[in-house]
Amino acid sequence: MITTSNNSFDIMSANFVLATIGTERAISYLIPLLDHSRGDVRHSALAALSELGNGLDLSIFLHGLKDRSSNVREYALVAIERHGDEVAIEPVIKRVQILLKRTRQIQTDEVLIALRFLHRYQHSHQAIPKLFHWIIQTKREVLFDEEWQWIEDHFTFY
């Protein structure tokens, strides 16, 4: 269905089914959907790839951080948190910096997902403590309460 249907709802439904009961064999069919014109199809394909894939698919997830759809970028962070390694640190730091550049109107989980991922590597990559220091010192006003609470719960150097 995901290779023959023109109906984006059908493709999304199939992607979510594959995420639940699919196998690695579905990955090669999901990857082309990351170029679909509809963001909903791209994010459902990325969600399925996150469920079925592994760290070898990291470049796909990193590419998702640059997508024009905010849903795709958020699912990319979910996949990076799940499968990412040190290669993803710099792109995730850049994403956090972009997110916190100004006051956000809509609360999403993107910042928390990114912070959880970066927290894993805080002792092995010197840019991470610098980022957290920048957030704590200059970005308190753009954080939502849940994000600030997470920082308070996980860092004591402020």
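To start, this report covers the structure provided alongside it. (Residues numbered from 1 in each chain as written. Predicted model: local features only at pLDDT ≥ 70, side-chain atom pairs only at ≥ 80, totals over all residues. Heavy atoms only, no water.)

All right, on to the overall build of the protein chain then. Scanning the protein chain from terminus to terminus reveals nine helices and zero strands. Sequence-ordered secondary structure for the protein chain, helices as α and strands as β, is α-α-α-α-α-α-α-α-α. Principal-axis analysis of the C-alpha atoms gives the protein chain an extent of 55 × 30 × 20 Å. Of all 158 residues assigned to the protein chain, the portion counted as buried reaches 49%. Of the contacts formed within the protein chain by residues at least 6 apart in sequence, a portion of 63% connects residues at least 24 apart. With the model as given, the accessible surface of the protein chain reaches about 8,800 Å², and the carbon-plus-sulfur share is 51%. (Helix = DSSP H or I, 4+ residues; strand = E, 2+ residues; numbered from the N terminus. Buried < 20%, exposed > 50% of the residue type's maximum accessible area, 1.4 Å probe, protein only. Contact = heavy atoms within 4.5 Å. Areas by Shrake-Rupley, 256 points an atom, 1.4 Å probe, with all protein chains shown as cover.)

So, on to the packing of aromatic side chains. Overall, the coordinates contain two aromatic pairs when judged by the stated rule. For the ring pair Phe132 and Trp150, a centre distance of 6.5 Å and an interplane angle of 25 degrees mean the geometry is stacked. Placement of the pair is Phe132 in helix α8 (residues 127-138) and Trp150 in helix α9 (residues 145-154), with a sequence separation of 18 residues. Look at Phe132 and you get buried, because its relative accessible area is 0%. (Phe/Tyr/Trp six-rings, centres within 6.5 Å; stacked < 30°, edge-to-face > 60°.)

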